[in-house]
Structures are given as C-alpha cells and as structure tokens.
Amino acid sequence: MEQSIKQTELKKRFKGWLALMMTVMMLVGSSMSVFAAEYRFDNQNDVNGITVGTTYHGGDKIMWREDTGGVVINVYVKGAQASSTWDNGYDYKYVTLSGAESIVYTVAEIVDAGFDDGSETYNLYLEADVPVTRNLRYSTSENKVNGISVGDMIYEGDSIKYISDEVYSGALYDVSLVIDGVTVDSSEWSGNNPYTYTFDKDVTVTGVASEIRNSDEAWATITLASVGGTGASGNASANAERAFMEQMDYTNDLLKQASEAKPGDTLKVDATVWHSFSANVLKELISKEGVGYTFYYNYGGECFYVDVPQGAKLEEGIDWYGPLKLNAMFGRTMIEKSELDAIASE
C-alpha cells in the first residue's frame, strides 16, 4: 500500500513538472525571433569561415563591413539576390533572412568574385523553402536586364518585381512575360510602380530580351516554360530542353522557307509564339537577296505586323530583336485579331 502511494505521488509530481515545461516551451517558442543571430564579417578571413553546408535560420542577419580592405557579400536565396540595408551607424551592411526561426537556410555555394573598390567580394548562395522576389533592373553599361537569367528556376509562390521609369535610373519601362507561348495580361500584375507578378506554378526562364525605345525607355521580354510537378530539377531540365528544341524547330523551319524563297517574295512570319529573334537568325534571313519579311504579332494585348524590308540593316551590339525593337526600327501596322487568325491559318 505504501509503495502504491509513492508511485501515485511521483506521477502527480511528474505531471506538474511536465505542464510547467510545456508552458515554458510555449513561451519560448512564441518569441523565437528574439534569439535571431547576427553574423558579422569584417574581412575575407571571416568569410572563409563559412563553408558549403553552413546553416542559418529565418530572422538571422548576415552582416559585413563594406569599406576599403573590408568585405562585400552578395547574398542569393534560391538564385535571387536578397536586398541589403545599411545599419544605423553605416559601418555595416546586412541582409535579414525572411521567415520564422524554424526555416533553415543552407549554404549551397560560395563564389570568390574578386575585388570591388578595395574590398573582397563573395557571392553566397543559399537554399531554403521560402518564396523569393527577383528585383529586375536594367543596366545601361551592360545593355541587359539584371536580376534574372536564362536557366533560372522560379518556383510557385516566387515573384518578380520592377519599377517603371527612365532607363537611366536603372528602371524598366515595361516588362512582358510570355509563359508557354502566352503573354501574361497586364491585369495579372499587382501593385502600381513597383509592379509585381507572382507565379502560380514552377517555371524555368528560357529567354531574356531587352530593347531601348524612345531613347529613355527600357522594354524587356522574358519567356518561360512550365516545368510541372513540384519543381524537381529533372522536370525543369526536361521541359527547358523541350522548349529549346521547339524553338529550334521553329527557327529551322523559318530559315528553310527563306532559303526556298525567290527574289521579290515577302515571307509572312507567324511571331505569335516566339516573339524574339536572335541577331544571327535575322542576319541570315535578310541575307537572302531580294526577299522581305512581314512579322505578325499578338503582343501585349495588341495585334500588329512589322515589315522588315529587303536588305535591312541591323544595329550593332543588339543580340535579340523583339516586337518592340523591330517596331522602333521599322514601324508597325495595327490589325484586327481576325486578320491575324486568318494569316496564322494559311
């Protein structure tokens, strides 16, 4: 009997202790962000302490002293560069990793990018199960769109964002998205400068083209292909390769038609699926003596065609020619969609 009483008393005490511990755990868990860590790096020796496999958590700050002899760290999450901020004293820059403390960020790659204004620069690539936003900007010196590249994977829930303004401010006047050959309607973008588009499925970037219009407007066209499933790299690679092969078939067929054309012919080109053409393809087309081309577009909610005359000259330094660039060079003629559909069915 005495033994039974002692066991009962122990059970009561254990239950009380367990309830107390659960209460403490709940209190601690509800304020985990309080324990977010700061990782400060003053020079390249500090950064060398990071290795592939190093982990961080949501709420952590990655900080670096960005001055002569210091270090610059570019932080990328799932391939998208994270925005950095100066601390109040302007001695350090930092990136705050988003999400709850339970989210784990893992270092996948570290790239020594050389020196920038006397500071050693490192690109730190992190992987984590969080949505990311790619901020698009136009570089006049490089004549390209920064923030996104061919081959990038963009997952469901990820976004792209751009500010519309003059090209000299690094902004993009307009961005057109073409997903699986269909142009995204402007109504599907949210916000009003900056504009944001959030993806509802996994896609891979198959093309990034840009052009300057009216001397101070940068227009960009980004083509993407669905990868299906849950964004596995195998599916992404297969679908990207399929999209590439389809574009190659389209281009080869167009070049074959041009080779069979006779002087005086004008070829009608259905550009409703593939909007942009490389400089090499266009050069080969217009090298056919005496042959002109009419490119038909359904782009940005407008139907039109652009006549490229015989022996047309292309601009130096332009790698890709989209509908806006051809329009700026040769002008366009607006048409009804019924007329475009009739041309496509020929």
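Sequence order as written defines residue numbering, which begins from 1 separately in each chain. Under the rules for a predicted model, residues below a pLDDT of 70 receive no local features and side-chain atom pairs below 80 are neither given nor counted, while totals for whole chains, interfaces and linings still include all residues. Water and hydrogen atoms play no part in the side-chain values, which are based on all heavy atoms of the structure.

Draft legend 1. View of the overall build of the chain. Along the chain, the regular secondary structure elements total six helices and 24 strands. Only protein chains enter the accessibility calculation, which uses a 1.4 Å probe; a residue is then buried when its area is under 20% of its type maximum, exposed when over 50%, and partly exposed in between. Residue burial in the chain is summarised as follows: out of 346 residues, 38% are buried. Here the chain has roughly 19,100 Å² of accessible surface; of this, 50% comes from carbon and sulfur atoms. Secondary structure follows DSSP: runs of H or I at least 4 residues long count as helices, runs of E at least 2 residues long count as strands, and numbering of each begins at the N terminus. Methods summary: accessible areas were calculated by the Shrake-Rupley approach with a probe of 1.4 Å, and residue burial reflects only the protein chains presented.

Draft legend 2. Layout of the nonpolar core. Each nonpolar core is a collection of buried residues, namely Ala, Val, Leu, Ile, Met, Phe, Trp, Tyr and Cys, held together in the definition by side-chain atoms within 4.5 Å. In this structure, Phe 277, Leu 285, Tyr 293, Phe 295 and Tyr 297 are the most contacted members of the largest nonpolar core, which totals 27 residues. Only α3 (233-260), β19 (266-270), α4 (279-286), β21 (292-299), β22 (302-308) and α5 (323-330) provide two or more residues apiece to this core. Among the elements that line this core, the one with the most residues is α4, at five residues. Here, two residues are considered to be in contact whenever any of their heavy atoms come within 4.5 Å of each other. Contact partners of Tyr 297, with chain neighbours within four places excluded, come to Ala 271, Thr 272, His 275, Phe 277, Glu 302, Cys 303, Phe 304, Val 306, Pro 323, Leu 326 and Leu 340.

Draft legend 3. Focus on the packing of aromatic side chains. Side-chain rings of Phe, Tyr and Trp, where Trp is taken by its six-membered ring, are said to pair if the distance between their centres is within 6.5 Å; with planes under 30 degrees apart they count as stacked, over 60 as edge-to-face, and otherwise as tilted. This structure, assessed with the given rule, holds 12 aromatic pairs. Relative to Tyr 56, the ring of Tyr 39 lies with its centre 4.9 Å away and its plane at 85°, an arrangement referred to as edge-to-face. Here Tyr 39, found in strand β1 (residues 38-41), pairs with Tyr 56, found in strand β2 (residues 55-57); they are 17 residues apart in sequence, far enough to count as distant. For Tyr 56, a relative accessible area of 1% corresponds to the buried category. An aromatic cluster is present here, built from Tyr 162, Trp 189, Tyr 195, Tyr 197 and Phe 199 joined pairwise through their rings. To sit over a ring, a charge needs its Lys NZ or Arg CZ within 6 Å of the ring centre and within 35 degrees of the ring normal. Taking NZ or CZ as reference, Lys 61 lies 4.3 Å from the ring centre of Tyr 94, over its face. A cation sits over an aromatic face here: Arg 65 above Tyr 92, 5.7 Å from the ring centre.

Draft legend 4. The sheet that holds strand β11 (residues 144-146), seen in detail. Strands pair, by our definition, only if DSSP identifies at least two bridges between them. In space, the four strands of this open sheet follow the order β11-β10-β13-β16, with mixed pairing throughout. A strand with exactly one partner marks an edge of an open sheet, and here the two such strands are β11 and β16 (195-198). If you compare each strand with its neighbour and ignore which way they point, the axes differ by 25° on average. Note that strand β10 (residues 133-139) and β11 share three bridges and pair antiparallel. Looking at β11, one finds that Arg 137 is bridged to Asn 146. Axis definition: a line fitted to C-alpha atoms, over the contacting stretch in the case of helices. Angles run 0 to 180 degrees between N-to-C directions.

Draft legend 5. Here's a closer look at a negative patch on the surface. The patch calculation keeps residues exceeding 30% relative accessible area without a salt bridge and links them within 9 Å when they carry like charges or within 5 Å when they are nonpolar (Val, Leu, Ile, Met, Phe, Trp, Tyr). A pairing counts as a salt bridge when a side-chain nitrogen of Lys or Arg comes within 4 Å of a carboxyl oxygen of Asp or Glu. Residues counted as positive are Lys and Arg, residues counted as negative are Asp and Glu, and His and the chain ends are not counted. Taken as the charge location is NZ of Lys, CZ of Arg, CG of Asp or CD of Glu. Together, Glu 156, Asp 185, Glu 188 and Asp 200 give the surface a local cluster of negative charge. Among the structural elements, Asp 200 can be located in the loop between β16 and β17 (203-213). The class for Asp 200 is exposed, based on a relative accessible area of 59%.

Draft legend 6. Representation of unusual backbone geometry within the structure. A cis amide bond links Asn 193 with the next residue in sequence, Pro 194, at an omega value of 20°. Structurally, the position occupied by Pro 194 is in the loop between β15 (182-183) and β16. Here the phi dihedral of Lys 78 falls at roughly 55°; this positive angle occurs in a residue that is not glycine. Looking at the secondary structure, you find Lys 78 in the loop between β4 (71-77) and β5 (80-81).

Draft legend 7. Quick peek at the confidence of the model for the chain. Summary of the metric used: pLDDT quantifies the predictor's per-residue confidence within the range 0 to 100. Taken as a whole, the chain shows an average pLDDT of 80; of its residues, 82% reach a score of 70 or greater. Confidence drops under pLDDT 50 across residues 1-34; counting only partners more than four residues distant or on other chains, this segment forms two contacts. Considering only residues more than four positions removed or in separate chains, one finds that residues 229-236, a stretch of pLDDT under 50, has 11 contacts.

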